[in-house]
Protein chains: 2
Amino acid sequence: MSQSEFSIIAQYFESLTLRRDDTFLGIGDDCAILTCPAGHSVAVSIDTLVEGIHFFSDVDPRTLGHKSLAVGLSDLAAMGATPAWFTLALTLPNVDEHWLSQFSLGLSSLAKYHNIQLVGGDTTRGPLTISIQVHGHVKANEALRRDGAQVGDLIYVTGTLGDAGAALQLKLHNLEQSVLDDEDKSYLVSRLELPTPRIEISHKLIGIATSAIDISDGLSADLGHIISKSGVGAEIVIEQLPLSVAMTKIDKTTAYDLALTSGDDYELCFTVPPQYKKQIERELASHCTQIGVITEHSSGFKIIDKKGDVFSLQGKGYDHFPS
Amino acid sequence: MSQSEFSIIAQYFESLTLRRDDTFLGIGDDCAILTCPAGHSVAVSIDTLVEGIHFFSDVDPRTLGHKSLAVGLSDLAAMGATPAWFTLALTLPNVDEHWLSQFSLGLSSLAKYHNIQLVGGDTTRGPLTISIQVHGHVKANEALRRDGAQVGDLIYVTGTLGDAGAALQLKLHNLEQSVLDDEDKSYLVSRLELPTPRIEISHKLIGIATSAIDISDGLSADLGHIISKSGVGAEIVIEQLPLSVAMTKIDKTTAYDLALTSGDDYELCFTVPPQYKKQIERELASHCTQIGVITEHSSGFKIIDKKGDVFSLQGKGYDHFPS
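Since we're looking at a predicted model, the values are computed, not measured.

Asks: Could you clarify how one ought to interpret unusual backbone geometry in this entry?
Replies: Residues and elements named next belong to chain B. For aspartate 264, which is not glycine, the phi dihedral falls at a positive 75 degrees. Looking at the element boundaries, aspartate 264 is found in the loop between α9 (252-261) and β10 (268-272). The backbone of tyrosine 266 shows a phi angle near 55 degrees, a positive value even though the residue is not glycine. The topology assignment puts tyrosine 266 in the loop between α9 and β10.

Asks: What is the right way to read the packing of helix α4 (residues 163-171) of chain B against helix α5 (residues 182-193) of chain B from this model?
Replies: Geometrically, a packed helix pair is captured by the angle between its two axes and the distance between the axes. Residue and element names in this part refer to chain B. Contact pair α4 / α5: the axes reach a minimum separation of 7 Å and the direction vectors enclose 110 degrees. Relative to α5, the element α4 is oriented roughly perpendicular. When the axes of α4 and α5 are compared, the crossing they make is left-handed. Where α4 abuts α5, its residues Asp163, Ala164, Ala166, Ala167, Leu168, Leu170 and Lys171 lie against Lys185, Tyr187, Leu188, Val189, Arg191, Leu192 and Glu193. In terms of residue class, the contact of α4 with α5 is built from nine nonpolar, no polar and five charged.

Asks: Quick question: what am I supposed to make of the environment of glutamate 235 of chain A here?
Replies: Summarising the element assignment, glutamate 235 of chain A is placed in strand β9 (residues 233-237). On the accessibility criterion, glutamate 235 of chain A (27% relative accessible area) is partly exposed.

Asks: Looking at this structure, I do not really get the pattern of salt bridges. What am I missing?
Replies: When the charged atoms of two side chains with opposite charge come close together, those side chains can pair. Residue and element names in this part refer to chain A. This model, assessed by the stated rule, comprises 24 salt bridges over all chains. Between aspartate 147 and arginine 145 there is a salt bridge; the shortest N-O distance is 2.9 Å. For arginine 191, the salt bridge is made with glutamate 267, and the minimal N-O distance between the two is 2.8 Å. With arginine 191 in helix α5 (residues 182-193) and glutamate 267 in the loop between α9 (252-261) and β10 (268-272), this pair connects stretches of sequence that are 76 residues apart. The exposure class of glutamate 267 is buried, given its relative accessible area of 1%. Each member of the salt-bridge network shares a partner with another, and the members are Asp163, Arg191, Arg198 and Glu267.

Asks: Can you walk me through the interface of chain A and chain B in this structure?
Replies: Quoted interface sizes are often the accessible area lost when the parts come together. Tallying the contact residues gives 67 residues for chain A and 67 residues for chain B. Counting each side, the surface lost to burial between chain A and chain B is near 5400 Å², with a carbon and sulfur contribution of 57%. Linking chain A to chain B there are four salt bridges. Applying the counting criterion to the chain A and chain B interface returns 21 residue pairs in polar contact (both at pLDDT 80 or more). Broken down by element, the residue count for the side of chain A that touches chain B peaks at nine residues, all from strand β3 (residues 41-50) of chain A. Counted by class, the side of chain A that touches chain B contains 30 nonpolar, 24 polar and 13 charged residues.

What counts, and where the lines are drawn
Residues numbered from 1 in each chain as written. Chains lettered and ligands numbered in written order. Predicted model: local features only at pLDDT ≥ 70, side-chain atom pairs only at ≥ 80, totals over all residues. Heavy atoms only, no water. Helix = DSSP H or I, 4+ residues; strand = E, 2+ residues; numbered from the N terminus. Axes fitted to C-alpha atoms, helices over the stretch in contact; angles between N-to-C directions. Parallel < 35°, antiparallel > 145°, perpendicular 65-115°, else oblique. Left-handed = near helix turned anticlockwise from the far one by under 90°. Contact = heavy atoms within 4.5 Å. Nonpolar A, V, L, I, M, F, W, Y, C, P; charged D, E, K, R; others polar. Buried < 20%, exposed > 50% of the residue type's maximum accessible area, 1.4 Å probe, protein only. Salt bridge = Lys/Arg side-chain N within 4 Å of Asp/Glu carboxyl O. Buried area = accessible area lost by both parts, 1.4 Å probe. Polar contact = N/O pair within 3.5 Å; in protein donor to acceptor, adjacent residues only side chain to side chain.

This is the structure we're talking about:
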């Protein structure tokens, strides 16, 4: 990185973030040097957001800064890892000081909240593209994974589903707006633009959950990863999917369709053996909802309504390369 | 990452790379889980290459795959770290199977040579952009850094300088071609497109070198980082800069100017206390050249010719945001 590029990173980002004791060397050399606590491993995930694909060109740069880091933190939550460090590869069409200061404010607020330090980066010229790699601490054998779900486990999700998808459809004018008041719309948009990584909840799942994933591509796609990796089936009851107040106001089929198939909610989906049902519901009652059970592999993935009839899916998981 | 995106990564990259014993969990979950050897830390660096800025649109995708990883490996070399893992964030305008297979071949050949495993990635649609984060093992207190140079230390560089810059000028038709034969041109272009990360040499510098950096932005800019971080000055003798045979054929002032200021060579510049001079020259004689000495901070950064006259710089370090 050349001096002036480094200055951009330094000016807008370095001073805004915190310093951790386990960062041996941060920004300013060829590499950062990071020291994991004894007995812990490093969980890493990299995600890219591209203008026009993952966010609208007119998005508030402050919310974009938040979301760029939130998607990575959500991956750490899905593993039960504790956030520690991140790197930022930022490709910019030009040096827009207002944009940079707002983007870095959104980024650093979330970083401070989760005690995650910016330790390196690269700034290049080109079409607006943001890649962030997050690094967390986790005891390798305790990590929440996709491949541990067992037949009979209960399936839970955190928060409410479909809000981010509904907000996207609102912005694309594909959703009937008249049933929603301004507060509803603002709520849905904040769910799309300012997702909450479920770090705190995920730490309560260590030693209890048999599998976990974050819902980035839609519940059906992401639960699909769990059952595929675990070699099991799943049955979920459509009316048990948790909906926000705003979502209960829109057409019911659309609401459940979004809850099942739309991405960007960044809630967690996880499975728990039945003996932990009381513990989960005591500790996390207001944060999670049971939506179904893990079944035999041969039963496949069934979505039924409360009468037991099959619910047929209208949408499909978000895909950057639709075929 | 959605299923079809994951399939792209999986199809072209996962099978081509190796598996390391210290990778607890690789591609296929929300995070990879990486375990560092006891007593070691993780050295990390992220770099982005953008089409039209860092490479020509018609570049051979196989050499691009090599270079995308080489620039990160060069950062690990600059720290004396041992390559272990990398992640790949790939933004593609479309799914071009020929391009992907060639790019992944170039990438995986270099990855195998350095025993570095691909452990995660993200594939998105958009203008061609490649971000790679490398991770290496290093004992934190032994890492080569930019800030340890001492007055009296000898300054060395590996390999030859300015070749990559000359190749770029050849491609831009800014360099007199007639003095170079096809072999010279091919050599220079391979130095631009297929840089050699100096991992093996860097490991011999641990415990000996007081500072090190890789030459990505040009010797004057990168040695400038060492003296600035170390609070010292430097004096280098222009005729001591190592030039390749091809470079000795071009105009001498241009050759030295490129050797001083052009980027992309990915050689190492390092400093060594005088008592190690014999050891360095015995062990690395054919791989490195002494170009000067570290001086007092108050002496600044002097470039002189062998007669002792000041050499005035024509070019300047490569900068993605020229002011």
